[in-house]
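# Working through the structure, step by step
Spelled out from the first residue to the last, the chains are:
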Amino acid sequence: MGERWWRPTTLAAVAGATLMVVSFCLDAGAATAGVQKSSAQGPLPTLPTLPSPSLTVSLPPVRPPKVTLPPIKPPTVKPPAIPSSTASTRPTASPATVPPTAGKLPRVGVSAPPSNDGPVVGPGSALALIAGDPGADLYPQPPVDAALTPQARQVAALSDVEHRIQYLENILARTRDDLAGLQRGPDPVLHLLTSLTAGGDADASPFAVSDSADVVDTPTGRAVALSGAITSGQAELVRRRTEEARLRQEISRRVRAVPAVTAPARTVTTSGEGRLGRPLSGRLTSRYGTRFDPYYHVWQLHAGVDLAASIGTPIHAAADGRVSRAGWYGGYGNYTCIDHGRADGQRLSTCYGHQSKLMVAPGQRIRAGQVIGLVGSTGASTGPHLHFEVRLGGRPVDPLPWI
């Protein structure tokens, strides 16, 4: 009984081991056959080695964004760019073609002006003329002599500077109007940028405009361009006015040193203690220089001084001389000019505008203090007064040092 129990167990173990050995041999034979078959067909291709993926990620350092405005250039429409020049030349313009009826007519009782002596520019026509040429003369100007002497060249330089000032003032007035129209809009960025670009040196502004830059055609871009133009124009205007003051002082200093107003081969008699006599005793109401013209409402060179007087007040010749012009002369109305010989190396003349009546004729010899006409308000005038000029070589200078 003790020997029976292990026999079935032993037989089962032997049978299991035998099955395992047989199965292993069959698997090994199949593997050997597969290898031999593959060898007969050729070696297996070599697969490329793939890189191991990296889990490390490098990010660039984070910097605050830099905000820059796009480049802006001035608009191609008005205002025209203010040209810079080292030697300014006097702008020229053709005489106005508005008939005399477009401006102020002579008062009743005054002889009608000659139709061929220059019409008065009307205020409406003046605005159009200045829009095309901000340096244009709205008042006719007599011919000038060649500037051959140092004194004449200095007076010619003063004339050029004064007309450049007129040009800049008209350009700046128009540009400010255009900028004010834009600033009436609700754009807050526009107001910020125009406030940043107002004043100071245009070259030092971070919003300085390049002529070759692409324009951003927006209200903000136009406002920045206009602000830059105003800054540039104001800077040049300051320089030009300083230059004007220097030239006027030098010319006036020389005038005071002139011993007398001389004519060929004799001395010209003057009335009063000055180089020239005072044409009347009226109050000075407007000085010589560039001003906002009260008749045309644009900037013009005021080529003389205004002396207030009632209509019909007698006008006296400032010195001996010969009448070179007497008649209607555009915005000057009834206008008389008298040549007095030479002074300070140049031809000296005095001129009298806006008269109600002319009492001399061209070519007539005149004595100092002689009545040559009566005060009026003809031409481009806003009220009765005498417009009195002193000219050297045909170019206007400040009359006050002479009288």
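Going by the structure above, here's the rest.
Residues numbered from 1 in each chain as written. Predicted model: local features only at pLDDT ≥ 70, side-chain atom pairs only at ≥ 80, totals over all residues. Heavy atoms only, no water.

## Brief notes about the state of the cysteines
Under the definition given, this model contains one disulfide. At a sulfur-sulfur separation of 2.2 Å, the disulfide partner of Cys337 is Cys351. Around the S-S axis, the bridge from Cys337 to Cys351 shows a dihedral of about 110° and counts as right-handed. Of the two residues, Cys337 sits in strand β9 (residues 334-343) while Cys351 sits in strand β10 (residues 346-358), which places them 14 residues apart along the sequence. (Disulfide = S-S within 2.5 Å. Helix = DSSP H or I, 4+ residues; strand = E, 2+ residues; numbered from the N terminus.)

## Some points on the packing of aromatic side chains
Under the definition given, this model contains eight aromatic pairs. Centre to centre, the rings of Tyr329 and Tyr335 are 5.2 Å apart; their planes meet at 25°, and the pair counts as stacked. As far as burial versus exposure is concerned, Tyr329 and Tyr335 are alike and both buried. Taking the centre distance of 5.4 Å and the plane angle of 50° together, the rings of Tyr352 and Phe388 count as tilted. Of the two residues, Tyr352 sits in strand β10 while Phe388 sits in strand β13 (residues 385-392), which places them 36 residues apart along the sequence. We classify Phe388 as buried; its relative accessible area is 0%. Feature note: the residues Tyr139, Tyr295, Tyr296, Tyr329, Tyr332 and Tyr335 constitute an aromatic cluster, connected by ring pairs. (Phe/Tyr/Trp six-rings, centres within 6.5 Å; stacked < 30°, edge-to-face > 60°. Buried < 20%, exposed > 50% of the residue type's maximum accessible area, 1.4 Å probe, protein only.)

## Here's the deal with the pattern of salt bridges
Scanning the entire structure with this criterion turns up 14 salt bridges. In this structure, the salt-bridge partner of Arg246 is Glu250, at a minimum N-O distance of 3.3 Å. Taken together, the positions of Arg246 and Glu250, both in helix α5 (residues 219-257) and four residues apart, correspond to about one turn of that helix. Arg246 gets classed as partly exposed once you look at its relative accessible area, which sits at 41%. Assessed through its relative accessible area of 23%, Glu250 is described here as partly exposed. One network of salt bridges, in which partners are shared, links Glu169, Arg241, Glu244, Arg248 and Asp398. (Salt bridge = Lys/Arg side-chain N within 4 Å of Asp/Glu carboxyl O.)

## Quick word on the side chain of Thr290
Mapped onto the elements of the fold, Thr290 is located in strand β4 (residues 289-292). Polar contacts involving the side chain of Thr290 include one to the main-chain carbonyl oxygen of Glu162, which spans 3.4 Å. Non-local contacts of Thr290, meaning those with residues more than four positions away in its chain, are made with Glu162, Ile165, Gln166, Trp299, Gln300, Leu301 and His302. (Polar contact = N/O pair within 3.5 Å; in protein donor to acceptor, adjacent residues only side chain to side chain. Contact = heavy atoms within 4.5 Å.)

## Focus on the pairing of strand β8 (residues 321-328)
Here two bridges tie β8 to strand β11 (residues 365-366), and the two strands are oriented antiparallel to one another. Across the sheet, Arg322 pairs through a bridge with Arg365, a residue of β11. Note: β8 against β9, six bridges, orientation antiparallel. Note on β9: the bridge partner recorded for Ala326 is Thr336. Connecting β8 to the antiparallel partner β9 that follows it, the hairpin turn spans five residues, and Gly330 within it adopts a positive phi of roughly 55°. (Pairing = 2+ DSSP bridges.)

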